[in-house]
Amino acid sequence: MPLLNALAADPILPGAKPTPIPGMAPIVTELCGYGLYVLVLAGVGAAGFGVFKLATADKSRNGGGSEPFKWMGGGVLAILLASTLISILNGIAA
């Protein structure tokens, strides 16, 4: 509980206030809300890592050319999935 109180007092992400979901326990609501924002940050990190791998990849014919695109695609997919779930949950709770 002290960890959740610390997160509520000083949020990790500025402006990231999870909307309470009716019928769910407050702990589950907070963890789900913050988890989705962390998933967005992980997607941004994965997409950035894919761009880095593309910039530093071996450009010869036998280099692994598809791996950076897998990282970027996974990052973009994580961002889209989390932002869609955030907007759906905010629409339900509003």
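Residues numbered from 1 in each chain as written. Predicted model: local features only at pLDDT ≥ 70, side-chain atom pairs only at ≥ 80, totals over all residues. Heavy atoms only, no water.

Caption draft 1: Quick peek at the overall build of the chain. Counting its secondary structure elements, the chain contains three helices and zero strands. In sequence order, the chain lays out its α and β elements as α-α-α. The burial tally for the chain puts 20% of its 94 residues in the buried class. Expressed as a percentage of contacts within the chain between residues at least 6 apart in sequence, the contacts between residues at least 24 apart total 61%. (Helix = DSSP H or I, 4+ residues; strand = E, 2+ residues; numbered from the N terminus. Buried < 20%, exposed > 50% of the residue type's maximum accessible area, 1.4 Å probe, protein only. Contact = heavy atoms within 4.5 Å.)

Caption draft 2: View of the packing of aromatic side chains. Across all of its chains, the model carries two aromatic pairs by this definition. A ring pair is formed by Phe49 and Trp71, whose centres lie 4.7 Å apart and whose planes are at 75°; its orientation type is edge-to-face. Of the two residues, Phe49 sits in helix H2 (residues 26-55) while Trp71 sits in helix H3 (residues 67-93), which places them 22 residues apart along the sequence. Look at Phe49 and you get partly exposed, because its relative accessible area is 36%. For Trp71, a relative accessible area of 35% gives the class partly exposed. What links up through ring pairs into an aromatic cluster is the set Phe49, Phe52 and Trp71. (Phe/Tyr/Trp six-rings, centres within 6.5 Å; stacked < 30°, edge-to-face > 60°.)

Caption draft 3: Broad picture of a nonpolar patch on the surface. A contiguous nonpolar surface patch, about 420 Å² in accessible area, is contributed by Leu39, Leu81, Leu85, Ile88 and Ile92. If one sorts the elements of the nonpolar patch by residue count, H3 sits on top with four residues. Examined against the element boundaries, Leu81 turns out to sit in helix H3. (Patch = residues over 30% accessible without salt bridge, like charges linked within 9 Å, V, L, I, M, F, W, Y side chains within 5 Å. Areas by Shrake-Rupley, 256 points an atom, 1.4 Å probe, with all protein chains shown as cover. Salt bridge = Lys/Arg side-chain N within 4 Å of Asp/Glu carboxyl O.)

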